[in-house]
Amino acid sequence: MKKVLSVLLVLGLVFTLAACAPAATTTSDSGADGSLDAVVKAGVLRVGVKEDVPNFGLKNTTTGEIEGFEIDIVKLLAKEILGDENAYELTPVTAKTRGPLLDNGEVDLIIATFTITDERKLTYNFSTPYYEDAVGLLVKKDAGFKGLADMDGKVIGVAQSATSKEAVNKVATEKGITVTFSEYATYPEIKAALDSGRVDAFCVDGSILGGYVDDSTMILPDRFSPQQYGVTSKLDNIALTEAVDGYISGWLADGTIEELITKWGLNY
């Protein structure tokens, strides 16, 4: 009986303390994961980036560091928000994983060739676009393709959850041809599929394709569906979104973004 009473007393104390404790804050910018306040308090900016996209975000096999245009943007944001360009933490993402990682709070921002679309705006906040591109096709030179019109019945490799598939399929339908798609988790996998003949074309934004061109491949002149990339955050993280947007807009105006585009050879 004494043991039972002791347990009840302990439980009563726990419930009393819980009732007296302050309620958890649920507003977006008062310490919740991904909020501006949370980033400042943590002293680190957590960002999802690509590690397999040459010139945007690519892992250096010698140093183990991820380097590229979008990584430089991460550094600029860390310096502005936290006063230290090295106060950031990078998480490699793919087209399929970047949304979920932002949703579950593992990262504060996504800066990973994330195309702005009306549909995605219903789920995420996007900054002013920092880069614009268009979908293209990388093919083997010896295949003889001059454009999408020559690819009736062919297989095109695309990234999982990317918008490239819809962009190309729309134009293929307009041209009266039929193409099929094979989806892969990463860009190197698509390039490997092209090299081995499992797909007839590698489809993604032109600037990304530029990093995968070699002596045996070429980018076709066709361009589909202009793509604008934005820094992405959760819908309810308004203060973080507005801060990031202000910095991006400023760097577009003063030429900083253009300098980075030139630095990384992205003038396609």
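See the structure above.
Below, the structure is looked at part by part. Small disclaimer: the values here were computed from a predicted structure and weren't measured.

## Here's the deal with the pairing of strand E11 (residues 201-205)
With 5 of 5 residues buried, E11 lies mostly within the body of the structure. Relative to E11, strand E8 (residues 131-140) runs antiparallel, the two sharing 4 bridges. In the sheet register, Gly-136 faces E11, and the bridge partner there is Val-204.

## Quick look at the pattern of salt bridges
Applying the stated rule across the entire model yields 6 salt bridges. Between Lys-191 and Asp-214 there is a salt bridge, with the nearest N and O atoms lying 2.7 Å from each other. Of this pair, Lys-191 sits in helix H7 (residues 187-196) while Asp-214 sits in the loop between helix H8 (206-210) and strand E12 (217-219), placing them 23 residues apart in sequence. On the accessibility criterion, Lys-191 (8% relative accessible area) is buried. Residue classification places Asp-214 among the partly exposed residues on the basis of a relative accessible area of 30%. Via salt bridges that share partners, Lys-191, Asp-195 and Asp-214 belong to a single interconnected network.

## Some thoughts on the packing of helix H3 (residues 69-82) against helix H10 (residues 256-263)
At a minimum axis separation of 9 Å, H3 and H10 run at an interaxial angle of 145°. At the point where H3 passes H10, the crossing takes the right-handed sense. Side by side, H3 and H10 meet where Phe-69, Asp-72, Ile-73 and Leu-76 of the first sit next to Thr-256, Ile-257, Leu-260, Ile-261 and Lys-263 of the second. Of the residues contributing to the contact of H3 with H10, the split by class is 6 nonpolar, 1 polar and 2 charged.

## Considerations on the environment of Gly-230
Topologically, Gly-230 is positioned in the loop between strand E13 (224-229) and strand E14 (232-234). Note on Gly-230: relative accessible area 0%, which makes it buried. Taking the C-alpha atoms as reference, Gly-230 lies 6.1 Å from Thr-128; in sequence the two are 102 residues apart. If we ignore the near neighbours within four places in the chain, the residues touching Gly-230 are Ile-110, Phe-114, Ile-116, Phe-126, Ser-127 and Tyr-130.

So, how was this worked out
- Residues numbered from 1 in each chain as written.
- Predicted model: local features only at pLDDT ≥ 70, side-chain atom pairs only at ≥ 80, totals over all residues.
- Heavy atoms only, no water.
- Buried < 20%, exposed > 50% of the residue type's maximum accessible area, 1.4 Å probe, protein only.
- Helix = DSSP H or I, 4+ residues; strand = E, 2+ residues; numbered from the N terminus.
- Pairing = 2+ DSSP bridges.
- Salt bridge = Lys/Arg side-chain N within 4 Å of Asp/Glu carboxyl O.
- Axes fitted to C-alpha atoms, helices over the stretch in contact; angles between N-to-C directions.
- Left-handed = near helix turned anticlockwise from the far one by under 90°.
- Contact = heavy atoms within 4.5 Å.
- Nonpolar A, V, L, I, M, F, W, Y, C, P; charged D, E, K, R; others polar.

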